[in-house]
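# Reading the structure
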Amino acid sequence: MHIHRYERIWIAAGVAMLAFFIAVIATSAVVDGFVPPSRVQTIDPAKVSQTPPFDHPGLRKVADGAYEAYYVAQIFQFTPRTLAVPVGSRVTFYVTSSDVEHGFSIPETGVNAMVTPGWVSSVSHTFDKPGTYLLVCNEYCGAGHQLMASKIEVK
């Protein structure tokens, strides 16, 4: 079978780009330490309100400058509605849903997680700048989705 010279050049360029992209992804995974999640937490979505610590969601201090924040996402709200965090604190967010798929995003911070019923999502962030941060659902969850928001006050 005869392949025209220009076609061979395009095929070679495509294969070279593919190899380059795979190398970049592999290098990023090794350098940045990306690994598949090894500690996957599950929760019964029908019993979220009775399962500690999600029965009393909010902020808990675990060490100097380190906090854990527990959130429950449900149609069409986050619980708690507001959270006060000291400046310079590292907060690990633990989020679950009691009903449908939700998003958990704090714009301009890199905090972004998908919240699936039956699973506990976790993501961490250090709040170095004071201000009010908006927490939004970025996964369509129904007719009142646009109202689903919360605030984090960093003081």
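Everything below is about the structure printed above this text.
### Overview of the packing of aromatic side chains
In this structure the tally under the stated criterion is 10 aromatic pairs. Centre to centre, the rings of Phe93 and Phe127 are 6.2 Å apart; their planes meet at 80°, and the pair counts as edge-to-face. On the criterion of sequence distance, the pair formed by Phe93 in strand E6 (residues 89–97) and Phe127 in strand E9 (residues 119–127) is long-range, its members being 34 residues apart. A single burial state applies to Phe93 and to Phe127, both of which are buried. Three or more aromatic residues joined by ring pairs make a cluster, and in this case those are Tyr71, Phe78, Phe93, Phe104, Phe127 and Tyr133.

### Some points on a nonpolar patch on the surface
A surface patch of nonpolar side chains, amounting to about 470 Å² of accessible area, comprises Met1, Ile3, Ile11 and Val15. Relative to the helices and strands, Ile3 is located in the segment before helix H1 (5–31). Since its relative accessible area comes to 32%, Ile3 is described here as partly exposed.

### Observations concerning the state of the cysteines
Applying the stated criterion across every chain, the model contains zero disulfides. Of the cysteine sulfurs around Cys137, a residue in no disulfide, the closest is that of Cys141, at 3.9 Å. What makes Cys137 buried here is its relative accessible area of 6%.

### Re the nonpolar core
Tyr71, Phe78, Phe93, Phe104, Ile106, Phe127 and Ile152 are the most contacted members of the largest nonpolar core, which has 24 residues in total. Of all the secondary structure elements, the ones that give two or more residues to this core are strand E3 (66–74), strand E5 (82–85), E6, strand E7 (102–106), strand E8 (111–115), E9, strand E10 (131–136) and strand E11 (149–154). Setting aside anything within four residues of it in sequence, one finds Phe104 in contact with Tyr71, Phe78, Phe93, Val95, Val111, Asn112, Ala113, Val115, Leu135, Val136 and Asn138. Judged by nonpolar contacts, the second largest core, of seven residues, contains Phe54, Tyr70, Tyr94 and Val120.

### Some thoughts on the pairing of E7
By the criterion of burial, E7 is predominantly enclosed, with five of the five residues buried. Burial of E7 is two-sided: the residues His102, Phe104 and Ile106 facing one way and the residues Gly103 and Ser105 facing the other way are all buried.

### Looking at the pattern of salt bridges
Oppositely charged side chains can pair when the atoms bearing their charge come close. Inspection of every chain in the model, using the stated rule, returns one salt bridge. Lys61 serves as the salt-bridge partner of Asp64, at 3.6 Å between the closest nitrogen and oxygen. Summarising the burial analysis for this pair, Asp64 and Lys61 share the class exposed.

### Notes on the side chain of Thr92
You can see Thr92 is positioned in strand E6. On the basis of relative accessible area, Thr92 is assigned to the buried category, the value being 18%. Looking at Thr92, its side chain comes within polar contact range of the side chain of Ser124, at 2.8 Å. If near-sequence neighbours (up to four positions away) are discounted, Thr92 is found in contact with Tyr67, Glu68, Ala69, Val123 and Ser124.

The rules behind each value
- Residues numbered from 1 in each chain as written.
- Predicted model: local features only at pLDDT ≥ 70, side-chain atom pairs only at ≥ 80, totals over all residues.
- Heavy atoms only, no water.
- Phe/Tyr/Trp six-rings, centres within 6.5 Å; stacked < 30°, edge-to-face > 60°.
- Helix = DSSP H or I, 4+ residues; strand = E, 2+ residues; numbered from the N terminus.
- Buried < 20%, exposed > 50% of the residue type's maximum accessible area, 1.4 Å probe, protein only.
- Patch = residues over 30% accessible without salt bridge, like charges linked within 9 Å, V, L, I, M, F, W, Y side chains within 5 Å.
- Areas by Shrake-Rupley, 256 points an atom, 1.4 Å probe, with all protein chains shown as cover.
- Salt bridge = Lys/Arg side-chain N within 4 Å of Asp/Glu carboxyl O.
- Disulfide = S-S within 2.5 Å.
- Core = buried A, V, L, I, M, F, W, Y, C linked by side-chain atoms within 4.5 Å.
- Contact = heavy atoms within 4.5 Å.
- Polar contact = N/O pair within 3.5 Å; in protein donor to acceptor, adjacent residues only side chain to side chain.

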